[in-house]
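The primary structure of each chain is shown beneath.
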Amino acid sequence: MSILDRMNLPQKLTIMSVVFLFIAAIPATFYTNSIFSQLDTTEHEVAGTGPIIALQKVIQFSQQHRGVSAGMLSGNDALAARLPETQNELKKALEGVDAKVKASQLSSKILSSWAAQKQRLLDIQQAVSARQLKAADSTSQHFQIIADLMSISDEMLDESGLSFDSVANTYYLINATMVNAPRLAENMGQMRALGTNSLAAGNLLPDARARAANIYGNVNLLFSDLMRNIGKATNADAQMKTALELKANEVKAQIDKVMLMTNQQLINAQELKFPADEFFAEYTRAIDGLYAFNAIAGENLVSALTARVADLKQTLYFMIGMMCVVLSIAALFSITIVRSITGPMR
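Worth saying up front: this structure is predicted, and the values here are computed from it rather than measured. (Residues numbered from 1 in each chain as written. Predicted model: local features only at pLDDT ≥ 70, side-chain atom pairs only at ≥ 80, totals over all residues. Heavy atoms only, no water.)

(A) Spatial organisation of the packing of helix 5 (residues 108–129) against helix 6 (residues 135–160). With their axes 10 Å apart at the nearest point, helix 5 and helix 6 run at an angle of 160° to one another. Comparing their axes, helix 6 and helix 5 come out roughly antiparallel. Crossing angle aside, the handedness with which helix 5 passes helix 6 is left-handed. On helix 6, the residues touching Lys109, Ile110, Ser113, Trp114, Gln117, Arg120, Leu121, Ile124 and Val128 of helix 5 are Ser138, Gln141, His142, Gln144, Ile145, Asp148, Leu149, Ile152, Glu155, Met156 and Glu159. Within the contact of helix 5 with helix 6, the residues separate by chemical class into nine nonpolar, six polar and five charged. (Axes fitted to C-alpha atoms, helices over the stretch in contact; angles between N-to-C directions. Helix = DSSP H or I, 4+ residues; strand = E, 2+ residues; numbered from the N terminus. Parallel < 35°, antiparallel > 145°, perpendicular 65-115°, else oblique. Left-handed = near helix turned anticlockwise from the far one by under 90°. Contact = heavy atoms within 4.5 Å. Nonpolar A, V, L, I, M, F, W, Y, C, P; charged D, E, K, R; others polar.)

(B) Structural context of the packing of aromatic side chains. With the rule as written, the count across this model stands at two aromatic pairs. On the basis of an interplanar angle of 75° and a centroid distance of 5.2 Å, the ring pair of tyrosine 171 and tyrosine 172 is categorised as edge-to-face. Seen from their ring centres, phenylalanine 279 and tyrosine 283 are 5.0 Å apart, and the 35° between their planes marks the pair as tilted. With a gap of four residues between them, phenylalanine 279 and tyrosine 283 both fall in helix 10 (residues 276–342), about one helical turn apart. On the accessibility criterion, phenylalanine 279 (0% relative accessible area) is buried. (Phe/Tyr/Trp six-rings, centres within 6.5 Å; stacked < 30°, edge-to-face > 60°. Buried < 20%, exposed > 50% of the residue type's maximum accessible area, 1.4 Å probe, protein only.)

(C) Spotlight on helix 7 (residues 168–201). Under the 1.5 Å per step criterion, the end-to-end length of helix 7 is 48 Å for 34 residues, consistent within 8% with the ideal 50 Å. Counting buried positions along helix 7 gives 25 out of 34 residues, so the element sits mostly inside the fold. Glycine 202 sits one or two residues past helix 7 and shows a positive phi near 85°. (Expected span 1.5 Å × (residues − 1).)

(D) Looking closely at the environment of serine 107. Among the structural elements, serine 107 can be located in the loop between helix 4 (83–102) and helix 5. Sequence-wise, serine 107 and methionine 156 are 49 residues apart; in three dimensions their C-alpha atoms are separated by 9.1 Å.

(E) Here's a closer look at the pattern of salt bridges. With the rule as written, the count across this model stands at twelve salt bridges. Across the pair lysine 252 and aspartate 256 runs a salt bridge, and its minimum N-O distance is 2.9 Å. Of this pair, lysine 252 and aspartate 256 both sit in helix 9 (residues 238–267), four residues apart, roughly one helical turn. Since its relative accessible area comes to 40%, aspartate 256 is described here as partly exposed. For lysine 257, the salt bridge is made with glutamate 282, and the minimal N-O distance between the two is 3.6 Å. On the criterion of sequence distance, the pair formed by lysine 257 in helix 9 and glutamate 282 in helix 10 is long-range, its members being 25 residues apart. Judged by relative accessible area, which is 13%, glutamate 282 ranks as buried. (Salt bridge = Lys/Arg side-chain N within 4 Å of Asp/Glu carboxyl O.)

Written out as structure tokens, the structure reads:
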């Protein structure tokens, strides 16, 4: 005789009810696990924004330090006077990254890379202050350090999962703020250093003129990429559109202004008469404006990711609550049905 044959009707009905409840719980459990996964991913992304945003400040002031150093080492006293302030700002930015990476869960590889680049920045500041480098050597070393810092930023993007974000508004904003904007600022920083150095020296050699023209084209292309991704992000999120659209237009006006100045006073100029410190100041205002815009965009990004975390938590709590309620009701209903069937048989 089988086990089922030995069971009475109430037991059989109870087992059948439990099986149905289990079947109903399976898709709900899978959905809940999916919410848990999304929540963990998004919280990891939020945690990753802090070190990357802090690193962008280091890149910003490393770019300024490159331009100031180029001018000072080419004999421009006005730019030499800016060096202590720039180095102080760079020091604060370095401390900012240290604080963020200590509170993060970044890999030992990234932490080691950051420590190495930080030391290189400290070393080059000392060398510039002591005038131990030529302008070209200083600029070349700065270029490499900044390129390595941007590589660290890319690794942080991958490790935090920000590179793989799956929601339109944040995906495009991540690309705009953490990929396009830093590269745009770097190309503008390269133009600032090249132009400052050339104007301070009073000449622009043919190869330098060709390089300036190449950077000029890169700036236009990168700014187009930035604005396209900002446009896609804001089209997917009306709140972002309100926060960023006007500021983006202001940045465009600043960049258009320095591009016109570059074309007239550097690339196509017959004689280099434009003041090097004024060229540096105009570019610094435009780059600072870009970084200021990027800071606002970054705040919008963090807000959007944080809001997503809150929504996912709310959905998770709701699902767990609903599962408990539904399972309780189903269990009670099953017991009631079993009793209604078996009661009259007793």
